[in-house]
Each structure stands twice: as C-alpha cells, then as structure tokens.
Amino acid sequence: MKILGEEEQIKIIESRPLKAKNPTIILALPDVGLVGVISAMQMIESLEPRVIGEIESELFPPITIIHEGKILAPIRIYEKNGIVIIVSEIPIPTTVIRPLISKIVSWAIEKNASLLLIPGGTPSPNRLEIDSPKVFAVATNDETLKVAKKHGADTFREGILVGPHAIALMESVKKGLNALSLMAQSFLNYPDPGAAASIIEILNKMLKTNISVEELLKKAEEIRVRTRDLMRHTSDVMRRMGKMKEYELPPLYR
Amino acid sequence: MSFHHYTGDVMKRKKDIFKEIDELISSVKERFDEIFEKVEREFTAKPLFNVEKCCLEPLVEVHETEDEVIVTADLPFVRSKRNIDLYIGEKHLEIKASIDKPITFDDWDVLHKHPPFKFFYKVVDLPTEVEAREAKAYFRNGILKIVIPKKIRGFKIHIK
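Residues numbered from 1 in each chain as written. Chains lettered and ligands numbered in written order. Predicted model: local features only at pLDDT ≥ 70, side-chain atom pairs only at ≥ 80, totals over all residues.

(A) Geometry of the overall build of chain B. A count of helices and strands for chain B gives two helices and nine strands. When the helices and strands of chain B are placed in sequence order, the string is α-α-β-β-β-β-β-β-β-β-β. For chain B, with 160 residues in total, the buried portion stands at 18%. A sequence separation of at least 24 residues applies to 54% of the contacts in chain B between residues at least 6 apart. (Helix = DSSP H or I, 4+ residues; strand = E, 2+ residues; numbered from the N terminus. Buried ≥ 20, exposed ≤ 12 C-beta atoms within 10 Å, placed from the backbone. Contact = placed C-beta atoms within 7 Å.)

See the structure below:
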C-alpha cells in the first residue's frame, strides 16, 4: 500500500474544462479581516463566473455548504473571461496550508497561469483611524510589482508574512510562477469590507474589470454580521499559526 | 516557641501537612477547573446568537499594554454611541448595543425560530484588575473601543 503524502491527499477536481489559455488566478483563503474572501465574493457576485471545479481533501473539516438548496464544496473554483477565482468558505487548518498551496501553485503552472494573485489584508494596529486603507504589494518579480504600483499599490518593503500568502509567494518563487500578494491595511480579527474595497479598486484597474466598490460598501454591515462565524474560526487558526508575528520587524535585513 | 513545645507538636503537624496537601490539591484542581472552563468558553464553538433573548454576540478583542486593558468590539448596524450601554466591574465588562434595523436570518433553516435580532450583547472577562472608574470609551465606524487602566498597586521605591 502506498502511503500518500499530504499534497497527494489534496485533489483539484475540474468539473468543467478551463477555457482560458493564460488565466490570472485569484486565490482567496480566509485570513486577516477576511479581506481576500470578501473581495473574491464581491467579484463573484459582480462577474457571475461559472463554477468549474473544487478542491477536495480528507485533510479538510467535513463540511458541505448548502446555498439556495444547492450543495456546494467549501473550496470552489470559478472562471470567467480569463479570470479564475479560487475561494474558500472554511478556514484552512494550519497543517494543511502548505500542501494545499503547493498543490494550487503546481496546478497554476500546469494551466499556464500568467499570474497568481493573492488578495488579503495586513493587520494595522490603527485601522480605526484609517478611512481609506492603503494596499501593499509583494511580487515574485519586479515587472509585476511595477504593474501593481502603477495601479495604486505601495511596496511592502520590510516585514514578516505569516499564513497562506506567505507560503503562496515562497512556493511561487520556488516553482517559477509569477505571483503577487496585495495586502490592504485591515483589522486583524474583524471582517473588513473597507479593506476589501481598496483591493477591488486596484483589481479593477489591473484586470480591467468593473466590480462595484459602492455596492460592496453599501452592504458592508451585512457582510460584517454574516461573516462573524468564519472570522471567529479564522482568528483561532491565525492565533495558532503565529499571525502576531506580522506585527514584528524582521531581524535580518540583508 | 520552646523546643519541647515544638517536638510535642510533631504528630499534630504531620496530620496538618496531609491536610495541607489535600487543601493544596483541591485548590490546584479548582484553579485547573477554572482555567479549563475559561478555555472551553473561549474555544467551544457556541453560536454567536441567542434566539430566546433576540441578541447577537459581537466579535470582541481584548489586548493588554503595560498599563492598560484595551477591549474592542465590532458593532455593525449600531448607529451611535447613544445606542450603547456599557457597565464595568472589577472583572467584567458588559456591552449591550441596540441594532438600528433588526436583523433576521429568514433563509437560515438551522434556527427553529426567526426572531428579529435587536441588539448585540456580550460580557467580556477582563484579564487583570482594572481601575474601572477611569475607563474611557470611543465609538467610530461601528467599532467600539474601551481603554481601561490597569490597577497597578504599590508605593514608590526610592533608589539609594
């Protein structure tokens, strides 16, 4: 009997073939302020992409989502007009983050993705005083970083990243995938639609989409009520993975 | 205490030691129970709503600086500071905030009743003794922030 490695226990199931030749893949997993997930949900609502697949694993908690009577996998893959969105409605257990991301990066390379884009948040201690959150960018290559900066992102110059985006960047460097992490100043443990709005503004320019920021802000309070449970469980996961390190200064700078 | 007095007390003291150990064990057990109960309260996924009381539990964060305890709470749909009642004691902070437009989850079949949720309610355990009377609260963009000075006891030490 062959004992499967963790990565082999994760399956990306394509229920429909991917149309795009060089897709931009957006990876939104629950993290700081649920910024990535809220941005992705707004994109899905606005672009109305079709579900093309899901990610399955025995390593995930045994959860199925029922929406309007339909059975949905908690981690789904959508596609429309060259944009692929991978979004999770469950927090990813700390021990599964690495194999899951590694699998996604390999899949992105297999699909000839032009870019892996990870929207998210960076915890900002004074978020309460910030009206329009800034977005910081980290990219695996200078060209991509330039594009992000041209569209309004600031460079993330010094810091420690912990969590899905940290692994996604490292894996992309290792495997040679073009990746960009966009991080809006955000609350750490509260769902932050305001931070997601800042991300959407940049995505609209980068991807030439027209996702309504106004609409997102209009239902911000409803989102904050609806995502309390996901935020609470995500906070538990973040505590366990040492997310507070993101408040620290890296000890070595060269 | 005389030597005679001391030796005469040995047997009694032995008994006392066992009693002391018993007491110690039960106090440790009590402390453990208290900690486990607290951990359980923190981590058990209890629902963030109470159908009977028509209230939702807000997300809260508690953190400490050297001399302050800072509590924040996410209160969407709470319009102004006038809708919030805060009570503070030595160990707890009670937050009650009424929601501007009652929330219902009609499409959510887990609930056996669908009452309109009219307010947020949460009792926050404070991590240390505080100067309750000196607490200050702020409310901005639906986020409540309460800053409470810690009770720092003692006298000034003069350095010789």
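On we go from here.
(B) Representation of the sheet that holds strand β11 (residues 179-186) of chain A. Residues and elements named next belong to chain A. Spatially, the nine strands line up as an open sheet ordered β1-β3-β6-β7-β2-β8-β11-β9-β10, and their pairing is mixed. Of all strands in the sheet, those with a lone pairing partner are β1 (10-14) and β10 (154-155), marking the two edges. In the sheet, strand β2 (residues 24-28) pairs with strand β7 (residues 83-88) via five bridges, with the strands oriented parallel. Following the sheet pairing, I25 is matched in β7 by V84. Contacting β8 (115-123), β9 (135-139), β10 and β11, helix α3 (residues 142-150) crosses the sheet at an angle of about 165° to β9. (Pairing = 2+ DSSP bridges. Axes fitted to C-alpha atoms, helices over the stretch in contact; angles between N-to-C directions.)

(C) Geometry of the packing of helix α2 (residues 94-110) of chain A against helix α4 (residues 164-175) of chain A. Residues and elements named next belong to chain A. As a packed pair, α2 and α4 sit with axes 9 Å apart at the nearest point and diverge in direction by 45°. As summarised for this structure, α2 and α4 are arranged oblique, according to the angle between their axes. The chirality of how α2 crosses α4 is right-handed. Each of I97, R98, I101, S102, V105, S106 and I109 in α2 lies in contact with α4, whose residues at this interface are P164, I167, A168, E171, S172 and K175. Taken together, the residues of the contact of α2 with α4 break down into seven nonpolar, three polar and three charged. (Parallel < 35°, antiparallel > 145°, perpendicular 65-115°, else oblique. Left-handed = near helix turned anticlockwise from the far one by under 90°. Nonpolar A, V, L, I, M, F, W, Y, C, P; charged D, E, K, R; others polar.)

(D) Representation of the sheet that holds strand β5 (residues 84-88) of chain B. Residues and elements named next belong to chain B. In spatial order, the strands read β1-β2-β7-β6-β5; together these five strands make up an open sheet with mixed pairing. Looking at strand neighbours, the two that pair on one side only are β1 (49-50) and β5, the edges of this open sheet. Pairing of β5 with strand β6 (residues 92-103) involves five bridges; the strand directions are antiparallel. Each residue of the ladder has a partner; that of Y87, found in β6, is E94.

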